[in-house]
Amino acid sequence: MSAAAGVATVASASHDAGVVRVVGLGWTGIFRVLDAIVAAPFMLLPIGTHALRAGLASAVIAGFAGTLAFAVARALVFAVLPNTLSPKLGSSVALATALAAVLAPAWQVEASAPGGAVTGAFLIMAVLALGAMPVRQLVQDARIPVMALVLGLAASYEPLVFVAALGALAPSFVELARQRRPDQDLAVRAGIAFALGLIPLGLGVLFSLRDPDMGLVVKPFAFPLGEGALPNASLPSFVGAEIGTVLLVAAVAGGVLTALNPRTRSLLASLLGVVVTGLLAFLLRAPAGPSHVVAPILSAIVAVHVLAGVALATVVHRIARARVPFAQASAAMAVVLVLVLPARAADEASARREARAFRGEAAWNEAVWGPAPPAAVVLVSEPDTLRRVAAARATGQMRSDLLVVPSFDVRSRRADRALSEEPKLAPLYRDLALGMMPEELSLAQVSAARPLLASFGARWDRKLARHFVPLGLLSRFESEPRAAADRRRGLDDFGPSKERLVRVSVTKRDPELAGATAVLLRERALGVAACGERDVLSHALDDLRPFAPDDATATTLVRRIVTNKGAIDVSDLGP
């Protein structure tokens with residue numbers, strides 16, 4: 001319910017790739033097609049926007065994952081304290097720790113997003129739940145093919161999810177191998193189940209054949225560590241923000257108590273396998289918040305909470321068994337104190353959610369594409385900007401009359417389609433395909449047929465810079481050079497849009513939108529700098545500064561304004 005309450009009608013910019021894949025059914029690589037499969041039934045609901053429906057799918061999956069987390073936590077608590085712990089007290093502690101995990105901000109940000117990573121976390125939790133069952137029950141209930149199916153789905157979801165699932169199941173497979181002779185029929189059924197789990201990979205290939213305007217220009221195995229986000233905080237900062245010192249200490253104590261019990265060492269090994277994989281994902285710089293978290297890290301958070309539940313249940317048990325008056329009542333009060341953990345997690349998640357701008361992405365799309373002339377050609381030089389375009393197209397927030405061309409990959413299907421729609425792009429494609437800088441004639445031929453919006457490339461011929469006039473976050477290429485007054489007027493006209501963008505991305509602390517804005521404003525500043533117009537450049541840098549206060553390119557340009565005379569060299573400031 002908490003995640004469902006946080007679902008928005010407009011998805012966050014940090015989940016653009018998920019929107020493209022789930023809402024637009026577009027190509028984002030062969031991984032994570034399972035997100036689209038899971039969300040498909042919810043897309044039929046007659047409520048809200050498509051982004052909201054996809055977010056509801058993630059919320060429901062998060063609920064199922066929380067149920068599995070409770071099952072694992074309860075099984076471990078009663079395995080460590082088998083006969084002496086009250087069922088009500090033990091179950092209450094297990095429920096509290098499971099809720100504290102899935103109500104944490106890291107879980108809630110994914111549970112309310114279209115195509116959130118909760119589906120991958122659910123697969124890992126399913127593996128843990130299967131591993132928590134006794135091996136005898138696994139054989140009697142024929143659960144081994146189910147294990148294989150879940151492993152196949154994990155492999156089709158993301159490589160790190162598969163690694164986490166293998167780590168969680170490895171102890172169960174080792175124990176099973178000791179107690180059971182090889183069974184050829186069982187191996188065949190398990191192999192078939194694993195192959196069925198790989199079906200989403202094949203569907204991912206089919207997604208590449210869809211409308212290129214609904215996909216990204218990426219390689220098939222893009223995002224092996226999870227779809228992109230901003231640089232992570234330090235590990236201590238992340239642990240302190242998402243788990244807390246008290247729970248971390250309790251988890252260490254719970255791990256020791258679990259290790260002392262021979263019957264629970266196998267499950268402890270599974271939980272540690274998940275924690276180690278989550279730690280590995282963090283060290284490999286996979287996305288870890290605050291606006292996007294990969295599935296292995298989500299599962300590691302749950303595993304830590306499960307181990308903490310053992311220590312907390314032990315404390316409650318000791319209080320209940322103490323030979324003092326009102327011991328049972330004191331134990332019940334201790335459980336109430338444990339219930340503070342999920343309440344605190346839910347409050348923190350709600351506070352972070354309210355800090356985000358309402359419909360900030362819609363305001364960004366309006367500021368970028370609203371000023372564009374009708375039927376304009378838009379040259380996009382950055383994959384991140386193209387991701388914003390594809391997400392806006394999938395949710396219906398992108399103007400259909402604009403022709404978007406990925407200038408960084410003119411061999412893509414999207415570029416081919418643009419060429420068939422506007423043949424005047426052919427000379428420009430030739431220049432870019434040969435590794436040359438665009439010629440003035442190539443750009444002029446396109447601008448003669450349609451309005452041309454682009455960003456000046458740092459390595460382009462300096463003479464081209466005077467053809468560009470700022471228009472919103474982009475610049476319009478004119479067939480004839482323009483004066484500095486035209487560029488200054490364009491920057492002045494951007495003032496109201498800049499104020500809106502500052503409110504939705506800087507004031508509301510949306511780093512993805514601020515970063516996307518900074519990319520376009522940085523490219524615009526480079527074009528102004530190449531013209532050598534210092535007063536106009538100062539204005540352009542003032543526009544950039546709120547979105548990237550410590551931008552290295554801006555700092556270098558400020559230095560060159562003072563030290564250089566005439567035109568400013570920007571050829572070494574490009575990507």
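It should be noted that the structure appears before, not after, this text.
Bear in mind the structure is a predicted one, so any value in this text is a computation, not a measurement.

### Here we look at the overall build of the protein chain
Thought 1: Within the protein chain one finds 29 helices and five strands.
Thought 2: Against the globule reference of 25 Å for 575 residues, the protein chain gives a C-alpha radius of gyration of 27 Å, in line with a compact fold.
Thought 3: With respect to the principal axes defined by its C-alpha atoms, the protein chain has extents near 90 × 55 × 45 Å.
Thought 4: Classification of the 575 residues of the protein chain by burial places 55% in the buried group.
Thought 5: If you take every contact in the protein chain between residues at least 6 apart in sequence, the share linking residues at least 24 apart comes to 74%.
Thought 6: Accessible surface, the protein chain: about 24,500 Å² in total, of which carbon and sulfur atoms supply 63%.

### Overview of a nonpolar patch on the surface
Thought 1: There is a patch of nonpolar side chains on the surface, built from Ile37, Leu149, Val188, Ile192, Leu196, Ile199, Leu203, Leu206 and Leu209 and spanning about 780 Å² of accessible area.
Thought 2: For the nonpolar patch, the elements supplying multiple residues, two or more each, are helix 11 (184-197) and helix 12 (199-207).
Thought 3: Tracing the sequence through the fold places Leu149 in helix 9 (residues 144-157).
Thought 4: Residue Leu149 is classed as partly exposed on the basis of its relative accessible area, which comes to 32%.

### Some thoughts on the packing of aromatic side chains
Pairs of aromatic rings are described using the distance from one ring centre to the other and the angle between the two planes.
Thought 1: For the structure on display, the rule yields six aromatic pairs.
Thought 2: For the pair Phe456 and Trp460, a centre-to-centre distance of 5.8 Å together with 70 degrees between the ring planes defines the contact as edge-to-face. For the pair shown, Phe456 and Trp460 are each scored as buried.
Thought 3: Taken together, a centroid distance of 5.3 Å and an interplanar angle of 70 degrees make the contact between Phe468 and Phe477 edge-to-face.
Thought 4: Its relative accessible area of 2% is what places Phe477 among the buried residues.
Thought 5: An aromatic cluster of at least three residues, connected via ring pairs, comprises Phe456, Trp460, Phe468 and Phe477.
Thought 6: If you follow Arg524 out to its NZ or CZ, it ends over the ring of Phe494, 4.7 Å from the centre.

### Examining helix 12
Thought 1: Taken together, the buried positions of helix 12 are occupied by Pro200, Gly204 and Phe207. An end-on view of helix 12 places all buried positions within 55 degrees of arc, on one side of the element.
Thought 2: Where helix 12 is buried, its residues contact helix 2 (16-22), helix 3 (33-39), helix 9 and helix 11.

### Digging into the sheet that holds strand 2 (residues 403-406)
Thought 1: Ordered by their spatial adjacency, five strands build an open sheet running 2-1-3-5-4, and the pairing between neighbours is mixed. Each edge of the open sheet is held by one strand with a lone partner, namely strand 2 and strand 4 (468-471). Within this sheet the neighbouring strands show an average axis-to-axis angle of 30 degrees, counted without direction.

### Concerning the pattern of salt bridges
Thought 1: Applying the stated criterion across every chain yields a total of 22 salt bridges.
Thought 2: Here Glu348 ties to Arg352 by a salt bridge, and the two come within 3.1 Å at their closest N and O atoms. One end of the pair, Glu348, and the other, Arg352, are both in helix 18 (residues 340-355), four residues apart, so they sit about a helical turn from each other.
Thought 3: Exposure remark for Arg352: the relative accessible area of 25% places this residue in the partly exposed category.
Thought 4: Note that Asp543 and Lys498 form a salt bridge whose closest N and O atoms lie 3.5 Å from each other. With Asp543 in helix 28 (residues 534-544) and Lys498 in helix 26 (residues 495-507), this residue pair connects regions lying 45 residues apart in the sequence.
Thought 5: Bridged by salt links that share partners, the residues Arg21, Arg32, Asp35 and Glu158 form one connected network.

### A short note on the environment of Thr553
Thought 1: As for its position among the elements, Thr553 is in helix 29 (residues 552-563).
Thought 2: Judged by relative accessible area, which is 13%, Thr553 ranks as buried.
Thought 3: Remark: the alpha-carbon pair of Thr553 and Ala251, spanning 302 residues in sequence, is separated by 45 Å.
Thought 4: With near-sequence residues (within four places) excluded, Thr553 lies in contact with Arg522, Leu526 and Leu573.

### Points about the pairing of strand 5 (residues 474-477)
Thought 1: Bridging between strand 3 (residues 452-454) and strand 5 involves three bridges; their strand directions are antiparallel. In the sheet register, Ala454 faces strand 5, and the bridge partner there is Ser475.

### Here's the deal with empty space enclosed by the protein
One simple way to see leftover space: roll a probe sized like a water molecule over the atoms.
Thought 1: Inspection of every chain in the model, using the stated rule, returns five cavities of 30 Å³ or more.
Thought 2: As a volume, the largest cavity reaches approximately 70 Å³.
Thought 3: Along the walls of the largest cavity sit Val10, Ala11, Ser12, Asp16, Val19, Glu361, Asn365, Arg388, Ala391, Ala392, Thr395 and Gln397, which together make up its complete lining.
Thought 4: Looking at the lining of the largest cavity, the elements that each hand over two or more residues are helix 2, helix 19 (360-369) and helix 20 (383-394).
Thought 5: Considering every element that reaches the lining of the largest cavity, the biggest residue donor is helix 20, with three residues.

### Regarding the environment of Leu247
Thought 1: Examined against the element boundaries, Leu247 turns out to sit in helix 14 (residues 245-260).
Thought 2: In sequence terms Leu247 and Val306 are 59 residues apart; their C-alpha atoms lie 9.9 Å from each other.
Thought 3: Once residues within four sequence positions are removed from consideration, Leu247 is found in contact with His305, Ala308 and Leu341.

Cut-off values and rules
Residues numbered from 1 in each chain as written. Predicted model: local features only at pLDDT ≥ 70, side-chain atom pairs only at ≥ 80, totals over all residues. Heavy atoms only, no water. Helix = DSSP H or I, 4+ residues; strand = E, 2+ residues; numbered from the N terminus. Rg over C-alpha atoms; globule rule 2.2 N^0.38 Å. Buried < 20%, exposed > 50% of the residue type's maximum accessible area, 1.4 Å probe, protein only. Contact = heavy atoms within 4.5 Å. Areas by Shrake-Rupley, 256 points an atom, 1.4 Å probe, with all protein chains shown as cover. Patch = residues over 30% accessible without salt bridge, like charges linked within 9 Å, V, L, I, M, F, W, Y side chains within 5 Å. Salt bridge = Lys/Arg side-chain N within 4 Å of Asp/Glu carboxyl O. Phe/Tyr/Trp six-rings, centres within 6.5 Å; stacked < 30°, edge-to-face > 60°. Lys NZ or Arg CZ within 6 Å of the ring centre and 35° of its normal. Arc of directions from axis to C-beta. Pairing = 2+ DSSP bridges. Axes fitted to C-alpha atoms, helices over the stretch in contact; angles between N-to-C directions. 1 Å grid on protein atoms, 1.4 Å probe; cavity = no way out; pocket = protein on both sides within 12 Å on 5 of 7 lines; lining within 4 Å. Points joined across faces, edges and corners; volume = space filled by probe spheres on them.

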